[in-house]
Amino acid sequence: MSEFDIKYIVESLPYIAKGIELTIFISIISSILAFAIGITIAFLRRTDIKPMTKLMALFVELTRNTPLLIQLYIYYKGLPSIGLNLSPIACGIISLSIYTGVFISEVFRAGINSIAHEQYQAARGLGLSDFQTFRLIIFPQALRIIIPPLGSQFINLIKNSSLVSFIAVTDLFYVIYKGAVDDFMFFEMFITGALIYMALTGIVALLTNIIEQNLKISGKAGSI
Amino acid sequence: MIKVEKIYKAYKNFDVLIDVSAQVEKGQIVAVIGPSGCGKSTFLRCINGLEKVSKGRIYVDGKEVTAPDTNLNKIRSEVGIVFQQFNLFPHMSVKENIMLAPVKVKKISKSDADQIAMALLEKVGMLDHAHKYPEQLSGGQAQRVAIARSLAMEPKIMLFDEPTSALDPKMTNEVLDTMKQLAQDGMTMIVVTHEMSFAREVANKIMFFSQSRLIEEAAPDKFFHNPQSEITREFLRSVLKLEV
Ligand SMILES: Nc1ncnc2c1ncn2[C@@H]1O[C@H](COP(=O)(O)OP(=O)(O)OP(=O)(O)O)[C@@H](O)[C@H]1O
Ligand SMILES: [Mg+2]
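Reading the values: rules and limits
Residues numbered from 1 in each chain as written. Chains lettered and ligands numbered in written order. Predicted model: local features only at pLDDT ≥ 70, side-chain atom pairs only at ≥ 80, totals over all residues. Heavy atoms only, no water. Helix = DSSP H or I, 4+ residues; strand = E, 2+ residues; numbered from the N terminus. Rg over C-alpha atoms; globule rule 2.2 N^0.38 Å. Buried < 20%, exposed > 50% of the residue type's maximum accessible area, 1.4 Å probe, protein only. Contact = heavy atoms within 4.5 Å. Lys, Arg positive; Asp, Glu negative; His and termini not counted. Charge placed at Lys NZ, Arg CZ, Asp CG, Glu CD. 1 Å grid on protein atoms, 1.4 Å probe; cavity = no way out; pocket = protein on both sides within 12 Å on 5 of 7 lines; lining within 4 Å. Points joined across faces, edges and corners; volume = space filled by probe spheres on them. Nonpolar A, V, L, I, M, F, W, Y, C, P; charged D, E, K, R; others polar. Polar contact = N/O pair within 3.5 Å; in protein donor to acceptor, adjacent residues only side chain to side chain. Buried area = accessible area lost by both parts, 1.4 Å probe. Salt bridge = Lys/Arg side-chain N within 4 Å of Asp/Glu carboxyl O. Patch = residues over 30% accessible without salt bridge, like charges linked within 9 Å, V, L, I, M, F, W, Y side chains within 5 Å. Areas by Shrake-Rupley, 256 points an atom, 1.4 Å probe, with all protein chains shown as cover. Near = heavy atom within 4 Å.

> Please provide a residue-by-residue account of the overall build of chain B, values included.
Looking only at helices and strands, one finds nine helices and 10 strands in chain B. By the compact-globule yardstick of 18 Å for 244 residues, chain B fits well, its C-alpha radius of gyration being 18 Å. Based on the C-alpha atoms only, the size of chain B along its principal axes is roughly 55 × 45 × 30 Å. A total of 244 residues make up chain B; the buried ones form 55% of that total. Taking contacts inside chain B between residues at least 6 apart in sequence as the whole, the part at least 24 apart equals 63%. Measuring between centres, the 32 positive side-chain charges of chain B sit 5 Å from its 30 negative side-chain charges.

Written out as structure tokens, the structure reads:
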């Protein structure tokens, strides 16, 4: 085994940067969509429309308990067969958003359930609608509790985004892997790749901490 | 003002309210008493539709709460409810707690709601605490804010579910004073309470529940001195040590 070739990495940087860019792009868009999907599923699951809650529960179970890679291929190969021809990047974003969204919905559900039922009754007792109660009373309190687990989901999303390389999306993992295989630079590329992923997830962890500090709840949720 | 017709309420196969009928007139102060678990809170929450009855009808100010097409949010905005545990919203300041429903339900302007909030805080003696958060208040203060929060919707009826049970005697008096003032202002009130002094002095009707049934309804004087039901007499003897 030859020694670690720094020069190779430096020369590959412009090429790696393209992959970083795409990974960041996919991660940001997917995070936003996953957040929206997560809230929506969590909200729908606490309505009293039975078929809706059943359907959502089934969808959550299916998505949570199958590999993301399989879901990725199902969207990639399945969507064209129903007439939806999307780019591989779009397919990657869709599967990542749905997969992470489902996990986020569970995080939300736990957060919502931790808010005392009395808060709900007090809000409804004042004449607020179910949706207003969710938006103004339950959700803001739940959000404060779920920031840390929510951060972990976004970190998972960044790591999971490497799977999109399987459907030929030239993300960070793809460029790393290609360099490693084509130029026999395994160590150089995989260690560099690992460090870059760590930096990206590190930023999310830092942001999570900052947001958590700033949202410090004034009062014990639900007790007063 | 309130008419309850033969309501039943069951959870699974457990009866919480059985065949309860009652009537409350405008301006009346009703004290609801009875042993723990007899259905007092459930009765109260059925009146503003926070719980659905299994059977029977409830009318508030001529509108049927129990009809499937009733706008419950509208009725709830006209019937205030105050809970034992205050249930203030911890992520909002005292003033925001009070302004929330007028702004979001009645759609009045923030500046109008602000004025209403300040006037009500003055009324309940909490003007200096407008910008505090609920966790910074004592129990008595929190409960007075909760009362002000309900009053901000200008309700026609106020429901109280053991408003002083979580409070020490001094704080209990603060809250009872606020409630007495409300009674003097002519508010229609239904108060679930263990405070027999309040029931005696302020209420003009007592409703006594036991084992899911409304056992007796009477003016306080009659209720405490000449109860009709043997169950009531037993309760007064054992719980209140009265000789009846
Ligand atoms: N959501 C629920 N599911 C099942 N049972 C319930 C529910 N809410 C109340 N109950 C039961 O209904 C009965 C009456 O409850 P309720 O809270 O109305 O009594 P209460 O008279 O207010 O008692 P307390 O004086 O202890 O407050 C109790 O036995 C209680 O366990
Ligand atoms: Mg009760």
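Now that the structure has been shown, the text picks up again.
> Break down unusual backbone geometry for me, with residues and values.
Residues and elements named next belong to chain B. Positive phi, close to 45°, is recorded for glutamate 162, a residue that is not glycine. Inspection of the secondary structure assignment puts glutamate 162 in the loop between β7 (157–161) and α6 (169–184). Positive phi, normally seen in glycine, also occurs at serine 212, with a value near 75°. Structurally, serine 212 is set in the loop between β9 (205–210) and β10 (213–218). Looking at serine 212, the relative accessible area reads 8%, which means it is buried.

> Outline the layout of surface pockets, listing residues and values.
The method is simple in principle: a probe with the dimensions of a water molecule rolls over the atoms, and the space it marks as empty is what remains. Quantified by volume, the largest pocket comes out at close to 640 Å³. Elements with a minimum of two residues in the lining of the largest pocket: α4 (88–114), α5 (117–125) and α6 (130–160) of chain A together with α2 (72–78) of chain B. With four residues, the single largest contributor to the lining of the largest pocket is α5(A). Across the lining of the largest pocket, the residue classes break down as eight nonpolar, seven polar and seven charged. Considering the residues around the second largest pocket, the lining is formed by 18 residues, among which Ile28(A), Ser31(A), Phe154(A), Val204(A) and Leu207(A) are closest to the centre. Taken together, the elements giving at least two residues each to the lining of the second largest pocket come down to α1 (6–45), α6 and α8 (186–214) of chain A. At seven residues, the largest contribution of residues to the lining of the second largest pocket is made by α1(A).

> Which residues make up the environment of Ser210(B), and what values do they have?
All names here are of chain B. Structurally, the position occupied by serine 210 is in strand β9. On the basis of relative accessibility, which here comes to 11%, the residue serine 210 falls in the buried class. For serine 210 and proline 35, which are 175 residues apart along the polypeptide, the C-alpha to C-alpha distance reads 6.4 Å. Non-local contacts of serine 210, meaning those with residues more than four positions away in its chain, are made with Pro35, Cys38, Ile215 and Ile231.

> Got a sec to walk through the side chain of Ser229(B)? Specific residues and values, please.
Residue and element names in this part refer to chain B. By the secondary structure assignment, serine 229 is in the loop between α8 (220–225) and α9 (230–240). According to the relative accessible area criterion, serine 229 is buried, its value standing at 16%. Polar contacts involving the side chain of serine 229 include one to the main-chain amide nitrogen of isoleucine 231, which spans 3.0 Å. Among all residues touching serine 229, those that are not within four sequence positions of it are Ile215 and Glu216.

> Requested: an account of the interface of chain A and chain B, with residues and values cited.
Taken together, the contact between chain A and chain B spans 24 residues of the former and 28 residues of the latter. Across the interface of chain A and chain B, roughly 2200 Å² is buried in total on both sides, 62% from carbon and sulfur atoms. The interface formed by chain A and chain B includes zero salt bridges. Linking chain A to chain B there are five residue pairs in polar contact (both at pLDDT 80 or more). Those elements giving two or more residues to the side of chain A that touches chain B turn out to be α5 and α6 of chain A. Examining the composition of the side of chain A that touches chain B, we find that seven residues originate from one element, α5(A), more than from any other.

> Tell me about the environment of Thr100(A), and name the residues and values.
Residues and elements named next belong to chain A. Looking at the secondary structure, you find threonine 100 in helix α4. For threonine 100, a relative accessible area of 3% corresponds to the buried category. As a C-alpha pair, threonine 100 and leucine 136 span 36 residues in sequence and 25 Å in three-dimensional space. In this structure threonine 100 touches Ala34, Gln153 and Leu157, once residues within four positions along its chain are discounted. One polar contact links the side chain of threonine 100 to the main-chain carbonyl oxygen of leucine 96, over a distance of 2.8 Å.

> Help me get a handle on a nonpolar patch on the surface, residues and values and all.
Residue and element names in this part refer to chain A. Where nonpolar side chains cluster on the molecular surface, the patch consists of Phe4, Ile6, Val10, Leu13, Phe187, Ile191 and Leu195 and spans about 660 Å² of accessible area. Looking at the nonpolar patch, the elements with two or more residues in it are α1 and α8. Following the sequence through the fold, phenylalanine 187 ends up in helix α8. On the basis of relative accessibility, which here comes to 46%, the residue phenylalanine 187 falls in the partly exposed class.

> Quick rundown of the site of ligand 1? Include the residues and the values.
Residue and element names in this part refer to chain B. Neighbouring ligand 1 are the residues Tyr11, Phe14, Val16, Ser36, Gly37, Cys38, Gly39, Lys40, Ser41, Thr42 and Glu162. Take glycine 37: an N or O atom from its main chain is 2.8 Å from an oxygen atom of ligand 1. The contact in question runs from an oxygen atom of ligand 1 to an N or O atom on the backbone of cysteine 38, over 3.2 Å. Across the complex, the protein chains shield 61% of the 640 Å² of accessible surface that ligand 1 would expose by itself. If you list the elements that add at least two residues to the shell around ligand 1, you get β2 (14–24) and α1 (40–47).

> Let's hear about the side chain of Thr42(B): which residues, and what values?
Along the chain, the position of Thr42(B) falls in helix α1. Excluding residues that lie within four positions of it along the chain, Thr42(B) makes contacts with Lys9(B), Tyr11(B), Val16(B) and Leu17(B).

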